[in-house]
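# Per-entry structural report
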Amino acid sequence: MSLHDDAVLVLKGYGDQPELRRTYLEHLDTHPDGMWKACEAGHLTASALVVDPERGRVLLTLHRKLGMWLQMGGHCEPGDATVERAALREAAEESGIAGLELLAGGPVRLDRHAIPAPCHWHLDVQYVALAPSDAVEAISDESLDLRWFGYDEVADVADASVVRLVDAARAAL
């Protein structure tokens, strides 16, 4: 099964945000290359909010290019067999944490956001990654900083899309 096919199955099984889910599915139906950065009409991305539920906190990265506190995530790569694995790979690469596990049940949110040309849209499929109790983070080249924030602190540092993701993660936990 291709990554494109996997994404279609994941989205068909996702029960929330029906209009946005339909937009994602229409995009994939119209753009066979819709999983890849080269698709200028937009492409799916995969992200994961790293959560330490025992301590009531999330790990955010200060994105090097955007200068914003965000969850871990990014572009799918040819070696990604599934959208879920792409999200987990991105979370591990950007957090430096070994032993992350995605919360069962699939994605917790979808988030479509504009990006600079030549591409126009990221259609992000968002998961929750559970950090092991002994997690030690390490800043990647894509980040200016990496920091744990209590659930209630996120609204003070991040935009509304990240706050919505934290809310969805907490509800899923």
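Above this text sits the structure in question.
Residues numbered from 1 in each chain as written. Predicted model: local features only at pLDDT ≥ 70, side-chain atom pairs only at ≥ 80, totals over all residues. Heavy atoms only, no water.

Let us now look at helix α3 (residues 83-95). Between the first and last C-alpha of α3 there are 18 Å, a value that for 13 residues agrees with the 18 Å anticipated at 1.5 Å per step. Buried within α3 we find Val83, Ala86, Ala87, Arg89, Glu90, Ala91, Glu94 and Ser95. Along its buried surface, α3 packs onto α1 (3-13), β1 (43-52), β2 (57-63), β4 (72-75), β7 (121-130) and β8 (143-150). Directly after α3, the chain includes Gly96, whose backbone phi takes a positive value near 75°. (Helix = DSSP H or I, 4+ residues; strand = E, 2+ residues; numbered from the N terminus. Expected span 1.5 Å × (residues − 1). Buried < 20%, exposed > 50% of the residue type's maximum accessible area, 1.4 Å probe, protein only. Contact = heavy atoms within 4.5 Å.)

So, on to the nonpolar core. Within soluble globular proteins, side chains that are nonpolar generally end up buried alongside one another. In terms of nonpolar packing, the biggest core is built from 34 residues, with Tyr24, Met35, Leu44, Val50, Val83 and Tyr127 touching the most fellow members. Looking at this core, the elements that each hand over two or more residues are α1, α2 (18-30), β1, α3, β7 and β8. With 5 residues, the top contributor of residues to this core is α1. Non-local contacts of Leu44, meaning those with residues more than four positions away in its chain, are made with Ala7, Leu11, Tyr24, His27, Leu28, Gly34, Met35, Cys76, Leu123 and Val125. In this structure, Val108, Val162, Leu165 and Ala168 belong to the second largest nonpolar core, which totals 19 residues. (Core = buried A, V, L, I, M, F, W, Y, C linked by side-chain atoms within 4.5 Å.)

With 8 of its 10 residues buried, β7 lies for the most part within the structure. Both β1 and β7 contribute to a ladder of 9 bridges, which runs parallel. In the sheet register, His43 faces β7, and the bridge partner there is His122. Examined bridge by bridge, strand β5 (residues 101-102) and β7 share 2 bridges and lie antiparallel to one another. Looking across to β7, one finds that Leu102 is bridged to Ala129. For strand β6 (residues 109-114) and β7, the ladder comprises 6 bridges, and the chain directions are antiparallel. For Arg112, the partnering residue across the bridge sits in β7 and is Leu123. Connecting β6 to the next strand, β7, in antiparallel fashion are 6 residues. (Pairing = 2+ DSSP bridges.)

With that settled, consider unusual backbone geometry. Despite not being glycine, Gln17 shows a phi value in the positive range, around 45°. If you trace the backbone, Gln17 turns up in the loop between α1 and α2.

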